[in-house]
Structures are given as C-alpha cells and as structure tokens.
Amino acid sequence: MIEKILLLFSWAILCQGYDLTKPVLKQVVVLSRHNIRTTIRPDLLPKYSPKTWPEITQKPGQLTKKGTLMEQHMGEYFKEWLDSENFFRPICPDVDTVYLYANSMNRTVQTAEAFAEGAFEDCYVPVHHEYSYEKMEEMFRPIISNGTAAFKNMVFNEINQKLKDTKLKESLLELNEILDIKFSEICKTESICDLSDTSKSKITFAVGRELWVEGPLYVANTVLDSFYMSYYEGAPLKDVAWGLLKTPEIWHTVTEITRKDQRMRYSTIARDYGSKLKKCITKIMLNYAEMPKFILIVGHDFNQNALTTAMDFKPFTLPNHYELYPMGGKIVFQRWIVDANEYLKIEYIYPSWTQLRSGAKFTMKSPPQRVVLELKWCKADANGFCSWSEFIRKLSAMQ
Ligand SMILES: *[C@@H]1O[C@H](CO)[C@@H](O)[C@H](O)[C@H]1NC(C)=O
Ligand SMILES: *[C@@H]1O[C@H](CO)[C@@H](O)[C@H](O)[C@H]1NC(C)=O
C-alpha cells in the first residue's frame, strides 16, 4: 500500500502532473487544397446542353464566400485541436513558429488567409506567396518534365486503357441524358454527341506543359465541376443539374467521372508532376529541427494527388465524400513524441460532402472527417504512428 502511495507521490512530483505516456504533438506540416471555388470554365457550359445554366456572377476559379467561411471553420477547428494538445503558447503563436505558404493563385492565397483568420484570429500570421496574383508558381504547376519516349508511351498506354473502362462509360452515358447532349451546340458544331464515345479523345503530351485529354472527358469534367459548385454553394437541388441528381446512388455514378479522371491524368505522370513539391516537403522533413512548428502549404487537388503518388502513400478512400481530394482537404503530417520515442502520423482532414453543403462549423465534438494515411515504406501501428527515425532514414535515402 505504502509503495503504491509513494509511487503515486513521486510520479506526481517528477512529472508535475503530466502523464509521461501521453503522446505529445511537436510539429505539423499541412498540404491543403483550396476551399470551394467558382467553376473554372463557365464560358464553355452553354454549348454542352440545350438547357439553361445557373447564372454565375463571380469570376471563374475564385474562392467563394462560402469557401472563405468553410476555411475559417477549418482554421477554428485546427486551433481547437492544437490547443487541446497544448501545441502553441496561449493567445498568439510566436512569429517564427508558424509559416503559411500558398500557390500564387487568388483562391489558394485566400484559402490560407481564411485559415489564418480561423486559427490565429487577432494574431499577426502573414500568408507568403511568390507572385502577387493569379499566377501558378512552378512548384505547384502540373507540368511534364520527363520527355523520354518510354515515359510518353507508358502514359499514353495507361490513359488509353483507362478510357475504355466500363464503369466510366456507364457514368458518361448517364451524363449524356442529364445534359441532353444530342441537342447541344457541341453536337452540331464539333460532333461530340455522345460522351461515352471516348475514342474521340485527343491526348496532348509535351514537356513543360500539363498533360491534356481533350474531348468527351474534358466536357464531362467541366460539367461536373459546375454541378459540384452549385451543390456546395447550397443551390436548391432543383437547380443543381436541373434537379436530376437527387439520390446518393446517382451522385456516386456521375462523380465516378471525376475520380476516374484524377486517377487517369495523375497516375504514372503524378510522379513527374509531384517531384518539385516532394523535394520541398522532403527538405522540410529532413531539416525538421530548424523548421517552424506549424507549416501550411495551400495548393490544389492535383498537388495532393501527385504528392501521395510521388511519396508512395498506400491507396486510401475517404468516407462521406465523392471527390478524391475534397475542397479544403488537408494532408496533415504530424511529429509526435511518446515516451521519448518519435513518430510520424499522417491524416487526411476534410469536410464531408454534406458538411460542405450545410456550411457546418467544426468542433472537437463535431469534427471534420479524419482518416489515417500510411506510407508504403513506413509501417504504422494501430494509432497510425510509424517510427520517425525510420521515416527520416528512408526519406533521406530516396533523394
Ligand atoms: C485576384 O485578386 C486580386 C486582389 O484581390 C483582384 O484584384 C483580382 O481581380 C483577382 N483576380 C480575379 C481573376 O478575380
Ligand atoms: C523518365 O521515364 C522513364 C520511363 O518510365 C524512366 O525510366 C526514367 O527514369 C524517367 N526519367 C526521369 C528523369 O525521371
């Protein structure tokens, strides 16, 4: 008995009330996608369907008000989570402990600013970016650098193979009906009257450019992009795809197009695309001791796709969402200490499909979605922890 009391006593003195075995969060590096934006090519939509499209007043590709709000909510959630881990000093973090960086597109800069407003309200935490406005920075651009014939052949074969996918065909047939494409202008002028006829696709591969697949798939993606935006922005369902997308089943069917497109255009080629960003993240990780405690980098879905491919993440699925890399979704690298051992944990933190539409606020009690991710080459335990030293050693060898 006395031993037990003594043990408790010395335990409390030694550790000043802290539980030594409680994991301590030391460092966080985030690669985020921007939040809800307006559709990129609204100018093309009228020729894809004889029906009337919703009016869009904001300029294309810009963060919407709702997107700003949702990202503030994300920031607030991160603050609550990090505070619960005693991560920052109370009130405002020291300037050199936080670094926010965004691609120089308006939507990515504004996403980082909105995050900062939520996470560091009333604190001085600037957002850094290379150019003033609306310019893709090199590190974020999905451009081809490997121009060898072998690589090009691999990419072409892969895409041609994937274009023949039967599930993709099924989704494209559904979209034909939704659009009534037979009566569209594009059918009359460019003879694209059936989106499922993917043999009409034209692949453009050029060093220094983005890989481009023109034709039915491009049309389908542009259309879906506008449906997503209407849905997230909270338009009445009768105005989202003319009320033709109601059930989860039909959403699942048509959104297969976007998922397939991401997997198609960013598979083999993602290694090439992701190499610059991977170098940057690798540098941050290898020099972690000199790096700020919290780093946020804001880019695009294709950056997340390219990075997870280039870094050999295990394949993962995100519950409660149709997009592979949702609006405001974040790959969150975390360095933890447990009992003097260091670990890496990676999570994908994102608003669900319905949270985006409803404009949900996030708290620890009603959190955004959190999914543990794993690298193929650093085995994670049940808590998602893989050995930090193993991670660093292998990462260093990969350079
Ligand atoms: C990008 O943001 C700047 C500054 O807010 C603004 O002046 C410019 O019009 C924006 N560009 C577009 C295309 O909306
Ligand atoms: C280019 O791609 C080929 C074929 O996949 C590959 O063997 C080669 O290593 C790549 N070159 C670079 C610089 O990545």
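Calculation notes
Residues numbered from 1 in each chain as written. Chains lettered and ligands numbered in written order. Predicted model: local features only at pLDDT ≥ 70, side-chain atom pairs only at ≥ 80, totals over all residues. Heavy atoms only, no water. Near = heavy atom within 4 Å. Polar contact = N/O pair within 3.5 Å; in protein donor to acceptor, adjacent residues only side chain to side chain. Nonpolar A, V, L, I, M, F, W, Y, C, P; charged D, E, K, R; others polar. Patch = residues over 30% accessible without salt bridge, like charges linked within 9 Å, V, L, I, M, F, W, Y side chains within 5 Å. Areas by Shrake-Rupley, 256 points an atom, 1.4 Å probe, with all protein chains shown as cover. Salt bridge = Lys/Arg side-chain N within 4 Å of Asp/Glu carboxyl O. Lys, Arg positive; Asp, Glu negative; His and termini not counted. Charge placed at Lys NZ, Arg CZ, Asp CG, Glu CD. Helix = DSSP H or I, 4+ residues; strand = E, 2+ residues; numbered from the N terminus. Buried < 20%, exposed > 50% of the residue type's maximum accessible area, 1.4 Å probe, protein only. Pairing = 2+ DSSP bridges. Phe/Tyr/Trp six-rings, centres within 6.5 Å; stacked < 30°, edge-to-face > 60°. Lys NZ or Arg CZ within 6 Å of the ring centre and 35° of its normal. Disulfide = S-S within 2.5 Å. Axes fitted to C-alpha atoms, helices over the stretch in contact; angles between N-to-C directions. Parallel < 35°, antiparallel > 145°, perpendicular 65-115°, else oblique. Left-handed = near helix turned anticlockwise from the far one by under 90°. Contact = heavy atoms within 4.5 Å. Expected span 1.5 Å × (residues − 1). Arc of directions from axis to C-beta.

## Description of the site of ligand 1
Thinking step 1. Every residue close to ligand 1 is listed here: Lys59, Gln62, Asn106, Tyr133 and Glu134.
Thinking step 2. For ligand 1, an oxygen atom lies 2.9 Å from a polar atom in the side chain of Lys59.
Thinking step 3. Contact distances for ligand 1 include 3.2 Å between an oxygen atom and a side-chain N or O atom of Gln62.
Thinking step 4. Residues that form the shell around ligand 1 fall into these classes: one nonpolar, two polar and two charged.

## Describing a negative patch on the surface
Thinking step 1. A cluster of acidic side chains, namely Glu113, Glu117, Glu121 and Asp122, defines a negative patch on the protein surface.
Thinking step 2. Relative to the helices and strands, Asp122 is located in the loop between α3 (106-119) and β3 (127-128).

## Some details on the pairing of strand β7 (residues 330-338)
Thinking step 1. Counting buried positions along β7 gives eight out of nine residues, so the element sits mostly inside the fold.
Thinking step 2. Two successive antiparallel strands, β7 and strand β8 (residues 341-350), enclose a turn made up of two residues, where Asp339 displays a positive phi of approximately 55°.

## Describing the site of ligand 2
Thinking step 1. Every residue close to ligand 2 is listed here: Asn146, Thr148, Phe151 and Met154.
Thinking step 2. Contact between ligand 2 and Asn146: an oxygen atom at 2.3 Å from a side-chain N or O atom of the residue.
Thinking step 3. In isolation ligand 2 exposes 360 Å². Once the protein is present, 36% of that is buried.

## Examining the packing of aromatic side chains
Thinking step 1. Applying the stated criterion across every chain yields a total of 37 aromatic pairs.
Thinking step 2. Measuring from centroid to centroid gives 5.6 Å for Phe78 and Trp81, while their planes differ by 80°, and the two rings are edge-to-face. Placement of the pair is Phe78 and Trp81 together in helix α2 (residues 65-84), with a separation of three residues, close to one helical turn.
Thinking step 3. Classification of Trp81 by relative accessible area gives buried; the value is 3%.
Thinking step 4. In textbook terms, an aromatic cluster arises when at least three aromatic residues are bridged by ring pairs, as seen for Tyr77, Phe78, Trp81, Phe87, Phe88, Phe115, Phe120 and Phe294.
Thinking step 5. Lying over the aromatic face of Trp388, Arg335 brings its terminal NZ or CZ to 5.8 Å of the ring centre.
Thinking step 6. Between the NZ or CZ atom of Lys345 and the centre of the ring of Phe385, over which it lies, the distance is 5.8 Å.

## Observations regarding the state of the cysteines
Thinking step 1. With the rule as written, the count across this model stands at three disulfides.
Thinking step 2. What pairs with Cys187 in a disulfide is Cys193, and their sulfur atoms sit 2.0 Å apart. Taking the sign of the S-S torsion, 95° for the link of Cys187 and Cys193, the bridge is right-handed.
Thinking step 3. The exposure class assigned to Cys187 is buried, which follows from its relative accessible area of 14%.
Thinking step 4. Taking the relative accessible area as the measure of exposure, Cys193 reaches 27% and is therefore partly exposed.
Thinking step 5. Should the bonded cysteines of the protein be numbered as they appear in the sequence, the pairing reads 1-2, 3-4, 5-6.
Thinking step 6. Cysteine Cys280 shares no disulfide, and the gap to the nearest cysteine sulfur, in Cys386, comes to 19 Å.
Thinking step 7. Judged by relative accessible area, Cys280 falls into the partly exposed class, the value being 22%.

## Examining the packing of helix α5 (residues 166-179) against helix α8 (residues 248-265)
Thinking step 1. Packing of α5 against α8 leaves a shortest axis separation of 8 Å and a crossing angle of 125°. On the basis of their axis angle, the class for α5 and α8 is oblique. The two elements α5 and α8 cross, and the hand of that crossing is left-handed. Seen from α5, the contacting residues are Lys167, Leu168, Ser171, Leu172, Glu174, Leu175 and Ile178; seen from α8, they are Ile250, Thr253, Val254, Glu256, Ile257, Lys260 and Met264.
Thinking step 2. Residues of the contact of α5 with α8, tallied by class, amount to eight nonpolar, two polar and four charged.

## Focus: α5
Thinking step 1. With 14 residues, α5 extends 20 Å between its outermost C-alpha atoms, agreeing within 8% with the 20 Å of an ideal straight helix rising 1.5 Å per residue.
Thinking step 2. Buried residues of α5: Leu168, Ser171, Leu172, Leu175, Asn176, Ile178 and Leu179, and no others. Take α5 and look down its axis: the buried residues cluster within an arc of 165°, on one side only. In α5, the exposed positions that point more than 90 degrees away from the buried face belong to Thr166 and Glu177.
Thinking step 3. Residues of α5 that are buried in the fold lie against α4 (149-163), α7 (216-233) and α8.
Thinking step 4. Between the side-chain oxygen at the start of α5 and the backbone nitrogen of Lys167 there is a gap of 2.8 Å, and the oxygen is on Asp165.

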